[in-house]
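Secondary and tertiary structure notes
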Amino acid sequence: RGKVSDCYVAIIYPQDPVLRMGSNLTASCWVHPDLGVHASSLFWTLNGQQLPSSLYRVLSPTNLSVTLAGLNASRQTSGDNLVCHNHKGHILAGSCLYVGMPPQKPVNLTCWSRNTKDLTCSWAPGGKGETNISTQYRLKYKLRWYGTEKQCEDYTHTQPYSCSITQDLHLFTPYEIWVEASNQLGRATSDVITLDILDVVTTDPPSGVTVSRVGQLEDQLSVRWEAPPALKDFLFQAKYQIRYRLEDSQDWKVMDDVGNQTSCRLAGLRPGTVYFVQVRCNPVGIYGSRKAGIWSEWSHPTAASTPHSERLMSCDSKSSGDSNSTLRRELKQFFGWVRKHAYGCSSMSMKLYDQWRVLMQKSHKARNQVGKHR
């Protein structure tokens, strides 16, 4: 803004107003008399676009108003630029319009603790999610029965609408947690959730994941991994899940019934095929918690291939076809028995399966050898 005799050349009133969407605004551009400019020669722009003169009103030789009806939301939180110009287009004065809505009640407040070392909570803005003006969100918490209200300070989490509490955490004591949203048009508070840190523990993915062949069994792979080291001193019963997919596919198959062991056998795979395998952990029941626990992220994919099939083609196509149909029938019978009697990575069923597979392969090779000597 320029000055004449220590006074502003021009000024817009109101300066930088905050307004609700749909409201009306009348703004005035007052020009210093010493400037020698008549109000009728002025014009207005909003975000660089000239406003029609039908919206103007000359209130005095030095005062021109503009009336905006049914204001739309600000294009950005830094506001919309309402500017008063002289007849040559030079800027005389400006004002920022902040047009939006008061915040609605934040929703979907959820929290988790990584290895009991922190407590991170995330939420979503209420309603359509955007107020169009600067809105502050504050995560607040206190111990349920005797704590004083505190405010989370670490909003540097990579996820928007989240905050991490990293100091003075108490185990075995419930917390009350909520989010307050506020801007210049109003404020809103989320529902209060109550939780114990031990009930929302997650951990790092299992480490040391290896995938290897099971001898020459062409349809199996062995998966091994290590329990999360960060929880090695805690009393808990881990649960694990495995998922695997073909190299050229994005469809994962999940094994839910791995239990708490740190190895498992994948069966029924394609011979001579590359598979990608991942493992994740759920630290169930830390110090006796009865909650379901929260799954970790999946481990980095580990790749391995099954052996190629060693089946030999017989000179006698009819006998080969007969033996193949017999093999398929016996395979179908065995897998039907396994599905009925075995669960997950049962070591007993795997040993039986290994024995059965070796016998079948020997039997099949013997048939082929007989076919060769005929």
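About the thresholds
Along each chain, residue indices are assigned from 1 in the same order as the chain's sequence is written. Owing to the predicted nature of the model, reporting of local features is limited to residues with pLDDT of at least 70; listing and counting of side-chain atom pairs is limited to 80 or more, with chain, interface and lining totals taken over all residues. Each side-chain value is worked out from all heavy atoms of the structure, with water and hydrogens disregarded. UniProt positions are given in the numbering used here, feature names are shortened, and annotations may be inferred rather than shown by experiment. Secondary structure follows DSSP: runs of H or I at least 4 residues long count as helices, runs of E at least 2 residues long count as strands, and numbering of each begins at the N terminus. Residue contacts follow a heavy-atom distance rule, with two residues in contact if any of their heavy atoms lie within 4.5 Å. Here the nonpolar core consists of buried residues drawn from Ala, Val, Leu, Ile, Met, Phe, Trp, Tyr and Cys, with membership extended through side-chain atoms lying within 4.5 Å. Between buried and exposed lies partly exposed: a residue is buried under 20% and exposed over 50% of the maximum accessible area for its type, with that area taken using a 1.4 Å probe on protein chains only. For this document, the term salt bridge refers to a Lys or Arg side-chain nitrogen within 4 Å of an Asp or Glu carboxyl oxygen. To count toward a patch, a residue needs a relative accessible area over 30% and no salt bridge; like charges are then connected within 9 Å, while nonpolar side chains (Val, Leu, Ile, Met, Phe, Trp, Tyr) are connected within 5 Å. The Shrake-Rupley method, run with a 1.4 Å probe sphere, supplies the accessible areas, and residue values consider only the shown protein chains as cover. A pair of strands counts as paired when DSSP detects no fewer than two bridges linking them. All axes are obtained by fitting lines to C-alpha atoms, using only the stretch in contact for helices, and the reported angles, taken between N-to-C directions, cover 0 to 180 degrees. A pair of Phe, Tyr and Trp rings is counted when the ring centres sit within 6.5 Å of each other, with Trp represented by its six-membered ring. The angle between the planes then sorts it: under 30 degrees is stacked, over 60 is edge-to-face, the rest tilted. The rule for a charge over a ring is simple: NZ of Lys or CZ of Arg within 6 Å of the ring centre, and within 35 degrees of the ring normal. Any two cysteine sulfur atoms lying within 2.5 Å of each other are counted as a disulfide.

The protein is annotated in an unreviewed UniProt entry as Cytokine receptor-like factor 1 of Amphiprion ocellaris. Database annotation for the protein, UniProt heading Subcellular location (unreviewed entry): "Secreted". Recorded in UniProt for the protein, the comment headed Sequence similarities (unreviewed entry) runs: "Belongs to the type I cytokine receptor family. Type 3 subfamily."

A few words on the overall build of the protein. Scanning the protein for helices and strands turns up 2 helices and 27 strands. Sequence separation of at least 24 residues holds for 64% of the intrachain contacts in the protein that already meet a minimum separation of 6.

Our focus in this paragraph is the nonpolar core. If you look at soluble globular proteins, the nonpolar side chains tend to sit buried side by side. One finds C29, L42 and W44 to be the most contacted residues of the largest nonpolar core, which totals 25 residues. Of all the secondary structure elements, the ones that give two or more residues to this core are β3 (10-13), β5 (25-31), β6 (43-46), β9 (63-68), β10 (80-85) and β11 (91-100). Excluding its chain neighbours within four sequence positions, the residues that come into contact with C29 are A10, I11, I12, L42, W44, T62, N63, L64 and C84.

Here the structure, examined in full by the defined rule, presents 5 salt bridges. Of the charged contacts in the structure, one is a salt bridge between K140 and E180, with a shortest N-O distance of 3.0 Å. Of the two residues, K140 sits in strand β14 (residues 136-143) while E180 sits in strand β17 (residues 175-183), which places them 40 residues apart along the sequence. Look at K140 and you get buried, because its relative accessible area is 14%. Each of K140, E149 and E180 takes part in a single network of salt bridges with overlapping partners.

On to a nonpolar patch on the surface. Residues Y8, I11 and W30 make up a contiguous nonpolar surface patch of about 270 Å² in total accessible area. Its location among the elements puts W30 in strand β5. Under the relative-accessibility criterion, W30 is labelled partly exposed at 36%.

Our next topic: the sheet that holds strand β26 (residues 274-284). Across the sheet, 4 strands lie side by side as β24-β23-β26-β27; this open sheet has antiparallel pairing. Two strands lie at the open edges of the sheet, namely β24 (253-259) and β27 (302-305), each paired on one side alone. Neighbour-to-neighbour, the strand axes of the sheet open up by a mean angle of 30 degrees, direction not taken into account. Strand direction decides the pairing type here: strand β23 (residues 237-246) and β24, joined by 4 bridges, are antiparallel.

Here the focus is the packing of aromatic side chains. Here a ring pair, both rings aromatic, is described through the centre-centre distance and the interplanar angle of the planes. Under the defined criterion, the tally for this structure stands at 5 aromatic pairs. Among the aromatic residues, those joined into a ring-pair cluster are W123, Y137 and Y161. The ring of Y155 has R138 lying over it, and the distance from NZ or CZ to the ring centre is 5.3 Å. It is R243 that lies over the ring of W252; its NZ or CZ is 4.2 Å from the centre.

As for its placement among the helices and strands, N63 is situated in strand β9. On the basis of relative accessibility, which here comes to 16%, the residue N63 falls in the buried class. The contact partners of N63, leaving out residues within four places of it in the chain, are S28, C29, W30, A39, R57 and V58.

Moving on to the sheet that holds strand β7 (residues 49-50). Strand order in the open sheet formed by 5 strands is β4-β11-β10-β6-β7, and the pairing between neighbours is mixed. Whereas interior strands pair on both sides, the edge strands pair on one side only; in this sheet they are β4 (18-20) and β7. Bridge count for β4 against β11 is 3 bridges, and the pairing is parallel. Pairing of L19 across the sheet is with V99, part of β11.

Turning our attention to the state of the cysteines. Summed over the entire model, instances satisfying the criterion amount to 3 disulfides. With a sulfur-sulfur separation of 2.1 Å, C29 is cross-linked through a disulfide to C84. In this structure the cystine formed by C29 and C84 twists about its S-S bond by roughly -85 degrees; its chirality is therefore left-handed. Of this pair, C29 sits in strand β5 while C84 sits in strand β10, placing them 55 residues apart in sequence. A relative accessible area of 0% places C84 in the buried class.

With respect to the helices and strands, L139 occurs in strand β14. The spacing of L139 and I177 is 38 residues in sequence and 7.3 Å in space, taken between C-alpha atoms. If sequence neighbours within four positions are ignored, L139 has contacts with L109, C121, W123, K150, Q151, C152, Y155, C163, I165, I177, W178 and V179.

Looking at where T173 falls in the secondary structure, it is placed in the loop between β16 (162-165) and β17. Accessibility expressed as a relative area gives 12% for T173, which makes it buried. Excluding its chain neighbours within four sequence positions, the residues that come into contact with T173 are L143, Y146, L195 and D196.

Counting through the fold element by element, H170 comes out in the loop between β16 and β17. H170 sits 27 residues away from L143 along the chain, and the two C-alpha atoms are 8.4 Å apart. Once residues lying within four places of it in the same chain are set aside, the contact partners of H170 are L143, Y175 and I197.

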